[in-house]
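Take a look at the letters that make up each chain.
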Amino acid sequence: MEPVRRGDSGPAAAEVRATLASLGLVPAGPHGEGSSADSVLFDAACELAIREFQQQRGLTVDGVVGAETWSALVAARWRLGDRLLTRSVTEPMAGDDVETLQERLIEMGYDVGRPDGVFGASTERALQQFQREVGLLPDGGFGPGTMRALRQLGRKVVGGRPQLLRETALLRHAGPALVGKHVIIDPGHGGQDRGVVVPEGLLEWSEAELAWDLASRLEGRLSALGVHTDLSRGRDTWFSDADRAKFANAAGADVLVSLHIDGHRNPEASGIATYYFGTQSGASSTVGERLAGLVHREIVARTGLVDGRTHPKTWEILRRTQMPAVRVECGYLTSPVDRARLIEPAFRDTIAEAILVAVQRVFLPVEVDFKTGTMDMRELRSRLG
């Protein structure tokens, strides 16, 4: 659907309001039950409810119902047991019920990967293993029989977070060297979607073009160190975040770095912010959080950009990827101060170098790691060699 915002009316606004009402977030309509679709407004109460929902879900808090917010609203309708859950390759089932099932399986010691709310292959395998162990037909579907068995059993894993243990073990097993690692670089936007666009005299700067240039610089540095790199889009093409995550998962990448440049109506807004997968319920990518911190601190130390901190989010590019993933907002294109630096190739080189160092550091054991802003890749190769 088209984005729905405060003041909108019509069928789309009515559907959004009805969904909010079904979740108990707003009354059924501004004029009570029975209002016609054309008279139902996306009013101030709806906007406030959406902002609170977005905050709770780790989405961008703008009060606008875009594609990702609408998807989260639809997902929130489902509770575990409301419907039969099965795996579909073409259109995977998604919802809060799937996420609850995944978290429950993780608590019992089964490996479903990241609890992303999407019923995929890893969830099906974990469910089949559970069904075999309790004497059910291991069909990988979640119905009444599996629901009863799940309710009767308690936690198997105690004294730690199993997802954290798995992520940490995988990272340690990968080894410290970058050679042979696989990194997906995701330049944001693309094609007709240019992201933030700022005219300046006879020139015009766009987020999509600067992100592509930065991604190319990072790709060159990683490739020179023996890293297998892929870009998630071409120079003039666009894919959804869900498609980009699917591409990264199919490639079996070790890390994904998504590159964006922010914008705001207030030109005083400036600085860098970095994001990783995390939810209010506590589910998160621990290695992703560590990588986000490393990327963020390296860029701040090497560029002096204003520190906008790291934050947990549930954006699809972070939630649907099976590897540690971060999204970096490399300054504000709408800030005259940030823009003057971002349009300089040497400055983008510095950001690319900072991200390269952070990607290397996430694989290093503590005894080999460097202080932020001090790593020299040539020195590191001699230390590891």
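Every value quoted in this text rests on a predicted model; they were computed, and no experiment measured them.

A probe matching the size of a water molecule, rolled over the atoms, marks out where space remains unfilled. Under the criterion given, the structure shown has one cavity of 30 Å³ or more. Considering the residues around the largest cavity, the lining is formed by Leu210, Leu214, Ile261, Cys330, Leu342 and Arg348. Looking at the lining of the largest cavity residue by residue, the class counts come to five nonpolar, no polar and one charged.

Another aspect to go through is the packing of aromatic side chains. Evaluated as defined, the whole model comprises two aromatic pairs. Ring geometry for Tyr110 and Phe130: centres 6.0 Å apart, planes at 85°, overall edge-to-face. Here Tyr110, found in the loop between helix H4 (96–107) and helix H5 (121–133), pairs with Phe130, found in helix H5; they are 20 residues apart in sequence, far enough to count as distant. Overall, the relative accessible area of 3% leaves Tyr110 in the buried class. For Arg83, the ring lying beneath its charged end belongs to Trp78, and the centroid distance is 4.0 Å. Taking the ring centre of Phe363 as reference, the NZ or CZ of Lys181 above it sits at 4.7 Å.

Take the environment of His311 next. Here His311 lies in strand S7 (residues 307–313). C-alpha of His311 to C-alpha of Glu289: the two residues are 22 residues apart in sequence and 8.5 Å apart in space. What His311 contacts, discounting residues up to four positions off in sequence, is Ala273, Thr274, Tyr275 and Tyr276.

Bringing the packing of helix H8 (residues 207–224) against helix H13 (residues 345–362) into the picture now. The geometry of H8 relative to H13 is characterised by a closest axis approach of 9 Å and an angle of 50° between their N-to-C directions. In terms of their interaxial angle, H8 and H13 are classed as oblique. As for the relative orientation of H8 and H13, their crossing is right-handed in sense. From H8, Leu210, Asp213, Leu214, Arg217, Leu218, Arg221 and Leu222 reach across to H13, where they touch Pro345, Arg348, Asp349, Ile351, Ala352, Glu353, Ile355 and Leu356.

Moving on, we get to the layout of surface pockets. As a volume, the second largest pocket reaches approximately 1,200 Å³. Around the second largest pocket, the lining is made up of 40 residues, and of these Asp116, Ser122, Asn249, Arg320 and Gln322 lie nearest the centre. The set of elements that each furnish at least two residues to the lining of the second largest pocket consists of H5, helix H7 (162–174) and helix H9 (241–251). When its residues are assigned to classes, the lining of the second largest pocket shows 17 nonpolar, 11 polar and 12 charged.

A word on the pairing of strand S3 (residues 203–206). Bridging between strand S2 (residues 197–200) and S3 involves four bridges; their strand directions are antiparallel. Residue pairing in the sheet places Val198 in a bridge with Trp205 of S3. Turn length for the S2-S3 hairpin, with the two strands adjacent in sequence and antiparallel, is two residues, and the turn residue Gly201 shows positive phi of about 65°.

The share of residues in the protein with pLDDT of 70 or more is 88%, and the mean pLDDT across the chain is 88. At the level of individual helices and strands, the protein shows its lowest average pLDDT in helix H14 (residues 377–384), which scores 60, and its highest in strand S1 (residues 182–187), which scores 98.

Right, let's get into the pattern of salt bridges. Going through the model one piece at a time under the given rule, you end up with 21 salt bridges. Note that Asp43 is salt-bridged to Arg17, the shortest N-O span being 3.1 Å. A residue pair is termed long-range when its members are at least 10 positions apart, and Asp43 in the loop between helix H1 (11–22) and helix H2 (44–57) and Arg17 in helix H1 qualify at 26 residues. Exposure remark for Arg17: the relative accessible area of 2% places this residue in the buried category. Linking Arg221 and Asp349 is a salt bridge whose minimum nitrogen-to-oxygen distance equals 3.4 Å. Residue Arg221 is found in helix H8, and its partner Asp349 is found in helix H13; the two are separated by 128 residues along the sequence. Owing to a relative accessible area of 23%, Asp349 belongs among the partly exposed residues under this scheme. One network of salt bridges, with partners in common, ties together Asp213, Arg217, Arg221, Arg348, Asp349 and Glu353.

Conventions used here
- Think of each chain on its own: its residues are numbered from 1, step by step along the sequence as written.
- Only residues with pLDDT of at least 70 get local features here, since the model is predicted, and only at 80 or more are side-chain atom pairs given and counted; chain-wide, interface and lining totals rely on the full set of residues.
- For side-chain calculations, the full set of non-hydrogen atoms in the structure is used, while hydrogens and water are omitted.
- A cavity, in this analysis, means grid points on a 1 Å lattice covering only the protein atoms where a 1.4 Å probe fits yet has no way out; a pocket is instead an open set bounded by protein on both sides within 12 Å along at least five of seven lines, and a residue lines either one if it has an atom within 4 Å of a point.
- Grid points are joined across faces, edges and corners, and a volume is the space filled by probe spheres set on the points.
- Three classes are used: nonpolar for Ala, Val, Leu, Ile, Met, Phe, Trp, Tyr, Cys and Pro, charged for Asp, Glu, Lys and Arg, and polar for all others, with Gly counted as polar.
- Here a Phe, Tyr or Trp ring, Trp counted by its six-membered ring, pairs with any other such ring whose centre lies within 6.5 Å, and the pair is stacked when the planes are under 30 degrees apart, edge-to-face when over 60, and tilted otherwise.
- The helix and strand labels rest on DSSP assignments: H or I over at least four residues marks a helix, E over at least two residues marks a strand, and numbering proceeds from the N terminus.
- Per-residue accessibility, obtained with a 1.4 Å probe over protein chains only, is compared with the maximum for each type, and a residue is labelled buried under 20%, exposed over 50%, and partly exposed between these values.
- Definition used: whenever NZ (Lys) or CZ (Arg) falls within 6 Å of the ring centre and also within 35 degrees of the ring normal, the charge is taken to sit over that ring.
- Two residues qualify as a contact provided that any one of their heavy atoms is within 4.5 Å of a heavy atom in the partner residue.
- For helices, the axis comes from a line fit to the C-alpha atoms of the stretch in contact; other axes are also lines fit to C-alpha atoms, and the angle between any two N-to-C directions lies between 0 and 180 degrees.
- Note that the term roughly parallel is reserved for angles under 35 degrees, roughly antiparallel for angles over 145, roughly perpendicular for angles of 65 to 115, and oblique for everything else.
- Two helices cross in a left-handed way if the nearer one is turned anticlockwise from the farther one by less than a right angle. They cross in a right-handed way if the turn is clockwise.
- Criterion used throughout: strands pair if DSSP finds at least two bridges between them.
- pLDDT: the predictor's confidence for each residue, scored from 0 to 100.
- One speaks of a salt bridge when a side-chain nitrogen belonging to Lys or Arg is within 4 Å of a carboxyl oxygen belonging to Asp or Glu.

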